[in-house]
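# Tertiary structure, described
Read off the chains here:
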Amino acid sequence: MKRDIWEEKIKTCKERDFKFTTVSGLPVKALYTPDDLKDFDYDRDLGYPGEFPFVRGVYTNMYRGRLWTMRQFSGFGTPRDTNKRYKYLLKHGQTGLSVAFDFPTLYGRDSDDPFSRGEVGKCGVAIDTLRDMEILFDGIPLEQISTSMTINPPAAMLLAMYLVVGEKQGVPKKVLTGTIQNDMLKEYQAQKTWIYPPEPSMRIITDIMAYCAEKVPKWNTISISGYHIREAGSTALQELAFTLKNGFTYVEYGIRAGLSVDKFAPRLSFFFNSHLDFFEEIAKYRAARRIWARLMQDKYNAQNPRSYLMRFHTQTAGCTLTAQQPENNIMRTAFQALAAVLGGTQSLHTNSMDETYALPTEKAVKIALRTQQLIAYETGVPNTIDPLGGSYYVEKLTNELEKGAYEYFEKIDKLGGVVKAIEKGFFQKEISRSAYEYQKKLERKEKYHVGVNIFEEDEKPDIEILKIPKEVERAQIKAVKKVRRERNNRKVKEALKDLRKAAASGENLMPRILECVRVYATLGEMCNTLKEEFGEYHEPIIF
Amino acid sequence: MGRKIRVLVGKPGLDGHDRGAKVVAAALRDAGMEVIYTGLHQTCESIVEAAIQEDVDIIGLSILSGAHMTLFPRVLELLKKKRATDIIVIGGGIIPADDMKRLEKKGVKKLFGPGTPTAEIVAWIKENAAARAKKESRRKVSKRTKKKTSKKSKKKSGKRK
């Protein structure tokens, strides 16, 4: 047997002084062989693209039919500034929009709220009222573009604004395509933007699912996001396990709210990170598809095959970018983007090299977009489906990640489910432990980061940085005050009163929110109205 | 100095990215310091209040949202108002080099960029907090002598006079 000979030989080979593990710490063997896949059954465990259990991709011909949607997450300054950037990106071949909101908007606060000081237009675009949304999409035909909005606690309000902008452009709701992130569970676990406690947040989400299933059928109502869990420091396995478990929790809440699973599940989509470990990332996406398909069928009794499809957007890992030698970030992003494509993503956002300093400049964001275009048009990678399928290593890793995810599911179930586990700080503790361990690995040089702990240079980087001028805040405060002055305040008061009543009675909130938006109620007014009914969330402090 | 170095790690503003703050907090604790972590979404007022109440040597602020040019100076201003400028303010986060220079001019003692090893932060704090501790012992002496004479004014201006 040749294997014996090889095994004897490799024992005598000198190895580099390095711990061979994935970024997440899973051990990596020198070689993978058919022995690693002894019980592997092609039809059961892999199947064909577009066929159960969808490991090889959710669509029959994948990128040979249509490339992934190229999005760059963008937003800064006033709606007018961002509108200009969108037109720039669309001109350079971007195929979908992805709106980044500033912190006050993410928290449902107006630009003139005292807590918004210093934050307006900084990390994204400021949206206070429908007027801002009209400017944001001015001259952008909503029937031709799919828009993803990274918004969570006030997702219902921003979606309502988008729908009304569509109305004003003459685009019916049933034609609009896009996504709201609307994933509150991961907010409590990782990204930490919240307004209300978990239970009312879940109610708002099921209201959105119910409303969209009827009125906005092509809208993705939740983008279940592992991205932020990973950025907060989790391992790939934790990202996979927590994200999928969150996904199933939305399914359970939907069913409990009386919705038919096949009516809302096809509109749930996912959002993953693409980190540094090439093969581990690819295996993560493949495992996620198999877990979702199997449990949706076996546990949640979905009948519609579309309910089994785990479609996902990917963003390259912002947390892996370095302030040192920032140009290297272009290469990091390219490898991560390639992993996402090999993993079968439906949509991709590549980070810009300057993001460890500020929001990207036009030049940096164009390089990031070109990175995707190079993969799509020059590498040949999208020409065959799941080219790593059958790789002993990738299949083994896929199996290991799947197994690890099921172990986490059990642990979370024992804690009483996701919401209970959040209240107990389970996810928060797991994630910050992993973040700290990763940092220690870097400092012990068990993991390398070029420019940070190996091949360091003293030179200060010299790259252009985007600056958000102070005038943005002043202009935005002026704009929201002007809207308050010019609108019909009696109508606003009535609409807010109706919203509060709906919150108390359990009636679906979406139609009431739409009413508020139409009469130019501000985001802060709507969110505060619900706060009176639902209360506010306070996090247990854990580090 | 006889007691542990006390550090308050604070997250002012609306920014929810607390990975860096928590990693640093854990590293400082492992290095034998007493660490108070404020949790998210704190106002500058509440951070300064807590720092004074806990009698910390250092306030470490972490800001990623871009609001650093508003929030850092605000903390410094409040410390001045409360006559607690002996508390050293340091920080980290996503802060462009130009802004770092300007903030250091305004009185932020040290800013650590992304990728800084935690050991470097620990070493800096040990060195600089020691200098403060010496000053503090002088301050404490004067505090003790004042205590007898002016209880009223002490009440008025808070714990740290």
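Numbers given to residues run from 1 along each chain, matching the order in which its sequence is written. Chains carry letters from A onward and ligands carry numbers from 1 onward, assigned in written order. With the structure being a predicted model, the display of local features is reserved for residues of pLDDT at least 70 and the display and counting of side-chain atom pairs for 80 or more, all residues being used for whole-chain, interface and lining totals. Water and hydrogen atoms were dropped before computing side-chain values, which therefore reflect all heavy atoms in the structure.

Looking at an unreviewed UniProt entry, chain B carries the name Cobalamin B12-binding domain-containing protein, with the source organism given as candidate division WOR-3 bacterium. UniProt positions are given in the numbering used here, feature names are shortened, and annotations may be inferred rather than shown by experiment. Under the UniProt heading Cofactor (unreviewed entry), the entry covering chain B gives this text: "adenosylcob(III)alamin".

The name given to chain A in an unreviewed UniProt entry is Methylmalonyl-CoA mutase, with the source organism recorded as candidate division WOR-3 bacterium.

Let us look at the nonpolar core. Counting residues in each nonpolar core, the largest one holds 93 residues, and the members touching the most others are Leu 244 and Met 296 of chain A together with Ile 125 of chain B. Take the buried Ala, Val, Leu, Ile, Met, Phe, Trp, Tyr and Cys residues and link them wherever side-chain atoms come within 4.5 Å; each set so joined is a nonpolar core. Relative accessibility decides the category of a residue: with a 1.4 Å probe and only protein chains considered, values under 20% of the type maximum give buried, values over 50% give exposed, and everything between is partly exposed. Residues Leu 97, Leu 163, Cys 516 and Val 517 of chain A belong to the second largest nonpolar core, which totals 62 residues.

The next thing to look at is the packing of aromatic side chains. Residues and elements named next belong to chain A. Centres within 6.5 Å make a pair out of two Phe, Tyr or Trp rings, where for Trp the six-membered ring is used; the pair is then stacked when the planes are under 30 degrees apart, edge-to-face when over 60, and tilted otherwise. Counting across every chain of the model gives 33 aromatic pairs over all chains. With a centroid separation of 6.2 Å and an interplanar angle of 15°, the aromatic rings of Tyr 188 and Trp 194 are classed as stacked. For the residue pair Tyr 188 and Trp 194, the accessibility class agrees, reading buried in each case. Summarising the aromatic geometry, the rings of Phe 426 and Phe 427 are spaced 5.3 Å apart at their centres and angled 75° between planes, so their arrangement reads as edge-to-face. As far as the burial class goes, Phe 426 and Phe 427 line up, both buried. Connected via pairs of aromatic rings, a cluster forms that spans Phe 248, Phe 270, Phe 272, Tyr 285, Trp 292, Tyr 300, Phe 312, Tyr 406 and Phe 409.

Note on contacts: a residue pair qualifies if any of its non-hydrogen atoms lie within 4.5 Å across the two residues. Each partner contributes to the interface: chain B provides 39 residues, whereas chain A provides 40 residues. At the boundary of chain B with chain A, total buried surface from both sides reaches about 3100 Å², with 60% on carbon and sulfur atoms. Put simply, a salt bridge is a Lys or Arg side-chain nitrogen that is within 4 Å of an Asp or Glu carboxyl oxygen. Joining chain B to chain A, the criterion identifies two salt bridges. Two residues, Asp 99 of chain B and Lys 467 of chain A, come together in a salt bridge whose shortest N-O distance is 3.6 Å. Here a polar contact is recorded for every N or O atom pair within 3.5 Å, except that within protein the pair must consist of a potential hydrogen donor and a potential acceptor, and residues adjacent in sequence are included only if both atoms are side-chain atoms. Counting every contact that joins chain B to chain A gives ten residue pairs in polar contact (both at pLDDT 80 or more). Put simply, buried area is the surface a 1.4 Å probe can reach on two separate parts but cannot reach once they are joined, added for both.

With that settled, the discussion passes to the sheet that holds strand E2 (residues 96-100) of chain A. All names here are of chain A. One requirement defines pairing of two strands: DSSP has to find at least two bridges between them. Helical segments are the DSSP runs of H or I of at least four residues, strand segments are the runs of E of at least two, and each set is numbered from the N terminus. Reading across the sheet, the nine strands line up as E5-E4-E3-E2-E1-E9-E8-E7-E6 and stay open at both edges, with parallel pairing between neighbours. Both edges of this open sheet fall to strand E5 (219-220) and strand E6 (222-225), since each of them pairs with a single strand only. The pairing of strand E4 (residues 177-180) with E5 spans two bridges and is classified as parallel. Counterpart to Thr 179 in the pairing with E5 is Asn 220. For every element, the axis is a line fit to its C-alpha atoms; helices are fit only across the contacting stretch, and the angle between N-to-C directions ranges from 0 to 180 degrees. The strands touched by helix H6 (residues 155-169) within the sheet are strand E3 (146-150), E4 and E5, with E3 carrying the most contacts at an inclination of about 155°. Running over the sheet, helix H12 (residues 278-298) touches strand E7 (268-274) and strand E8 (312-316) and is turned about 160° from E7.

Moving on: helix H1 (residues 19-30) of chain B. Residues and elements named next belong to chain B. In a regular helix each residue adds 1.5 Å, so twelve residues correspond to 16 Å; H1 covers 16 Å between its end C-alpha atoms and thus fits that length. Buried within H1 we find Ala 21, Lys 22, Val 23, Ala 25, Ala 26, Ala 27 and Leu 28. At the exit of H1 stands Gly 32, carrying a positive phi of roughly 90°. Any helix carries an expected span of 1.5 Å times its number of residues minus one.

Further remarks concern the UniProt feature "domain: B12-binding" (unreviewed entry) in chain B. Here the UniProt feature "domain: B12-binding" (unreviewed entry) sits at residues 4-132 of chain B. Between the end C-alpha atoms of residues 4-132 of chain B there is a gap of 13 Å, over a span that is 47% helix and 19% strand.

Residues and elements named next belong to chain A. Within the patch definition used here, like charges are joined within 9 Å and nonpolar side chains (Val, Leu, Ile, Met, Phe, Trp, Tyr) within 5 Å, considering only residues with over 30% relative accessible area and no salt bridge. Using a 1.4 Å probe, accessible areas were evaluated by the Shrake-Rupley method; residue-level cover was limited to the displayed protein chains. Counting rule applied: Lys, Arg positive; Asp, Glu negative; His and chain ends not counted. Note on charges: their place is set at NZ of Lys, CZ of Arg, CG of Asp or CD of Glu. Among the surface-exposed residues, Glu 456, Glu 457, Asp 458 and Glu 459 lie close enough to one another that they form a single negatively charged patch. With respect to the secondary-structure elements, Glu 457 resides in the loop between helix H17 (426-443) and helix H18 (471-486). By relative accessible area, which is 48% here, Glu 457 ends up partly exposed.

Now for the layout of surface pockets. One number sums up the size of the second largest pocket: a volume of about 950 Å³. Around the second largest pocket, the lining comprises 32 residues; the ones closest to its centre are Gln 324, Tyr 357, Lys 460 and Pro 461 of chain A together with Gly 113 of chain B. No other element matches helix H4 (residues 97-106) of chain B, which puts five residues into the lining of the second largest pocket. When residues are grouped by polarity, Ala, Val, Leu, Ile, Met, Phe, Trp, Tyr, Cys and Pro land in nonpolar, Asp, Glu, Lys and Arg in charged, and all others, Gly among them, in polar. Residues belonging to the lining of the second largest pocket are distributed by class as follows: 14 nonpolar, six polar and twelve charged. Method remark: on a 1 Å grid restricted to protein atoms, a set of points is classed as a cavity if a 1.4 Å probe fits but cannot get out and as a pocket if it is open with protein on both sides within 12 Å along at least five of seven lines; lining residues have an atom within 4 Å of a point. Grid points are joined across faces, edges and corners, and a volume is the space filled by probe spheres set on the points.

Mapped onto this numbering, the UniProt entry annotates "domain: Methylmalonyl-CoA mutase alpha/beta chain catalytic" (unreviewed entry) at residues 22-536 of chain A. The annotated region residues 22-536 of chain A carries 49% helix and 8% strand content, and the separation between its end C-alpha atoms amounts to 40 Å.

If you walk through the whole model with that rule in mind, you get four cavities of 30 Å³ or more. Considering the residues around the largest cavity, the lining is formed by 15 residues, among which Tyr 63, Val 341, Leu 342, Gly 344 and Asp 386 of chain A are closest to the centre. Its residues assigned to classes, the lining of the largest cavity shows eight nonpolar, four polar and three charged. By volume, the second largest cavity amounts to about 60 Å³. Around the second largest cavity, the lining residues are Gln 189, Ala 190, Lys 192, Ala 232, Gln 428, Ile 431 and Ser 432 of chain A together with Asp 18, Arg 19 and Lys 22 of chain B. Counting only elements with at least two residues in the lining of the second largest cavity, the list comes to helix H7 (184-191) and H17 of chain A together with H1 of chain B. The element best represented in the lining of the second largest cavity is H17 of chain A, accounting for three residues.

We now examine helix H20 (residues 510-518) of chain A. All names here are of chain A. Residues of H20 that are buried: Met 510, Ile 513, Leu 514, Cys 516 and Val 517. One face of H20 carries all of its buried residues, which in axial projection span an arc of 160°. Where the residues of H20 are buried, they touch helix H5 (130-136), H6, helix H8 (198-215), helix H19 (489-505) and helix H21 (523-534). An arc is given here, and it is the one of the directions from the helix axis to the C-beta atoms.

Let us look at the pattern of salt bridges. Residues and elements named next belong to chain A. Overall, the coordinates contain 54 salt bridges over all chains when judged by the stated rule. Residue Arg 484 is joined to Glu 525 by a salt bridge in which the shortest nitrogen-to-oxygen separation is 3.9 Å. Linking Arg 484 in helix H18 with Glu 525 in helix H21, this pair joins segments that are 41 residues apart in sequence. Given the relative accessible area of 21%, Arg 484 is considered partly exposed. Residue class for Glu 525 comes out buried when judged on its relative accessible area of 18%. Residues joined by salt bridges that share partners form a network here, namely Arg 44, Asp 45, Arg 290, Arg 294 and Glu 402.

Below, the discussion takes up the pairing of E3 of chain A. Residue and element names in this part refer to chain A. By the criterion of burial, E3 is predominantly enclosed, with five of the five residues buried. Here E2 runs beside E3; their pairing, made up of five bridges, is parallel. Residue Val 99 lies in a different strand from E3, and its bridge partner there is Met 149. The sheet contact formed by E3 and E4 spans four bridges and is parallel. Residue pairing for E4: Thr 147 is matched across the bridge by Gly 178. Taken together, E3, H6 and E4 form a β-α-β motif whose crossover is right-handed. With strands facing away from the observer, any crossover in which the path from the first strand over the helix to the second runs clockwise is taken as right-handed.

Moving on to the sheet that holds strand E5 (residues 110-112) of chain B. Residue and element names in this part refer to chain B. The five strands lie next to each other as E2-E1-E3-E4-E5, forming an open sheet whose pairing is parallel. Where the open sheet ends on each side, the last strands, each with one partner, are strand E2 (34-37) and E5. Mean inter-strand twist for the sheet, computed between neighbouring axes without regard to direction, equals 20°.

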